[in-house]
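Here is how the chains run, residue by residue.
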Amino acid sequence: MMLKDRVAFITGASRGIGQAVAELFVKEGAVVVNGDITVDNLAPTQVADRLYAVKLDVQDHAMVKTVIDAVVKDLGKIDILVNNAGICPPMGGLFEEVSEAEWDRVLKLNLGGMVACTKAALPHMRAAKYGRIISMASIAGETGGVASSVAYSASKAAIICTTKVLAKKEGHNNITANCIAPGWIITEMTKDHVQNLSLCPLGRRGDTTDVANAALYLASDMGGYITGTTMDVNGGVHMQ
């Protein structure tokens, strides 16, 4: 088991990519806590073998700190943080027609949620001299998305840059920080998107397990010397 005895906190793990990551981490021996706004219980509650769930609004920084402190109190530590929660509004109209409200909402949830969770987890990771921080970016944050809101692309680009700063500042504490940039992944949110598969060298759309496998590698000891990077999971649609 690649994550035996590790404790992982994953935001937005009730569906999609987050759920696939949580299921794989449990399979690999980790104790996993799903922090999701759709969960009802206000304290970490065991819902399956080595799987806990707690209600979390990543936009509420005070709530995030309270929840992560409770997880550490109940489970003893937090080894892995996966910043997965986010929203992806569709692209609509002209650039100047994207409302101030949409900019605020997307940046507050996608970037602000990543910042809030990382701020809350870092003191515990520093004390343990160990940590793995994995944040979900997007191919849109690298190339500029055409199917998603410009605010979404901007939020994901900011996550990539923030991750690089974290990697530089926290490496001496044995804390790694990396991003995963999914491409054309089939989820409930994107299943109806139409992509030209002739542009993908592997000729298919990705599955959530493709992203989960990348997260497992970065969370495990195998990824211990990787930090500050963005791992592309896109079938070769975008190459750096």
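None of these values were measured; they are calculated from a predicted model. (Residues numbered from 1 in each chain as written. Predicted model: local features only at pLDDT ≥ 70, side-chain atom pairs only at ≥ 80, totals over all residues. Heavy atoms only, no water.)

1. A short note on the overall build of the protein chain
So, point 1. Counting its secondary structure elements, the protein chain contains six helices and eight strands.
So, point 2. Its helices and strands taken in sequence order, the protein chain reads β-α-β-β-β-α-β-α-β-α-α-β-α-β from the N to the C terminus.
So, point 3. Relative to a compact globule of 240 residues, whose C-alpha radius of gyration would be 18 Å, the protein chain shows 17 Å and is just as compact.
So, point 4. Seen through its C-alpha atoms, the protein chain measures out along the principal axes to roughly 50 × 40 × 35 Å.
So, point 5. A burial count over the protein chain gives 49% of its 240 residues as buried.
So, point 6. Summing over all exposed atoms, the protein chain offers an accessible surface of approximately 11300 Å²; the carbon and sulfur share of this is 57%.
So, point 7. Computing the positive centroid from 22 side-chain charges and the negative centroid from 24, the protein chain places the two 7 Å apart. (Helix = DSSP H or I, 4+ residues; strand = E, 2+ residues; numbered from the N terminus. Rg over C-alpha atoms; globule rule 2.2 N^0.38 Å. Buried < 20%, exposed > 50% of the residue type's maximum accessible area, 1.4 Å probe, protein only. Areas by Shrake-Rupley, 256 points an atom, 1.4 Å probe, with all protein chains shown as cover. Lys, Arg positive; Asp, Glu negative; His and termini not counted. Charge placed at Lys NZ, Arg CZ, Asp CG, Glu CD.)

2. A short note on the sheet that holds strand S7 (residues 175-182)
Strand-to-strand pairing in sheets goes through backbone hydrogen bonds, with the strands running parallel or antiparallel.
So, point 1. One open sheet holds the eight strands; their spatial order is S3-S4-S2-S1-S5-S6-S7-S8, and the pairing between them is mixed. Every interior strand has two partners, whereas the edge strands, strand S3 (45-48) and strand S8 (230-233), have only one. Looking at each pair of strands side by side, their axes are set apart by 25° on average, direction ignored.
So, point 2. Two strands pair when backbone bridges link them, and strand S6 (residues 131-136) and S7 are joined in this way by six bridges, in the parallel orientation. Counted as the bridge partner of Met-136 is Ile-180 from S7.
So, point 3. Packing of helix H1 (residues 16-27) onto the sheet brings it into contact with strand S1 (7-11), strand S2 (31-36), strand S4 (51-55), strand S5 (80-83), S6 and S7, and relative to S1 it is tilted by some 170°. (Pairing = 2+ DSSP bridges. Axes fitted to C-alpha atoms, helices over the stretch in contact; angles between N-to-C directions. Contact = heavy atoms within 4.5 Å.)

3. Looking at the pattern of salt bridges
So, point 1. Under the defined criterion, the tally for this structure stands at eight salt bridges.
So, point 2. Between Lys-77 and Asp-79 there is a salt bridge, and its shortest N-O distance comes to 3.2 Å.
So, point 3. Lys-77 sits in the partly exposed class, given a relative accessible area of 29%.
So, point 4. It is possible to trace a salt-bridge network through shared partners that takes in Arg-6, Lys-77, Asp-79 and Asp-221. (Salt bridge = Lys/Arg side-chain N within 4 Å of Asp/Glu carboxyl O.)

4. Quick notes on the pairing of S1
Two faces, one strand: in a regular strand the side chains alternate between the faces of the sheet.
So, point 1. In terms of burial, S1 is largely enclosed, as five of its five residues are buried.
So, point 2. Going residue by residue along S1, you find Val-7, Phe-9 and Thr-11 tucked away on one face and Ala-8 and Ile-10 tucked away on the opposite face as well.
So, point 3. Bridge analysis of S1 against S2 gives five bridges, and the strand direction is parallel. For Ala-8, the partnering residue across the bridge sits in S2 and is Val-32.
So, point 4. With H1 bridging S1 and its parallel neighbour S2, the resulting β-α-β unit is right-handed.
So, point 5. Pairing analysis gives three bridges linking S1 to S5, with the strands arranged parallel. Residue pairing in the sheet places Ala-8 in a bridge with Ile-80 of S5. (Right-handed = clockwise from strand over helix to strand, strands pointing away.)

5. A closer look at the packing of aromatic side chains
So, point 1. Inspection of every chain in the model, using the stated rule, returns one aromatic pair.
So, point 2. Its end group placed over the ring of Tyr-130, Arg-6 keeps NZ or CZ at 4.0 Å from the ring centre. (Phe/Tyr/Trp six-rings, centres within 6.5 Å; stacked < 30°, edge-to-face > 60°. Lys NZ or Arg CZ within 6 Å of the ring centre and 35° of its normal.)

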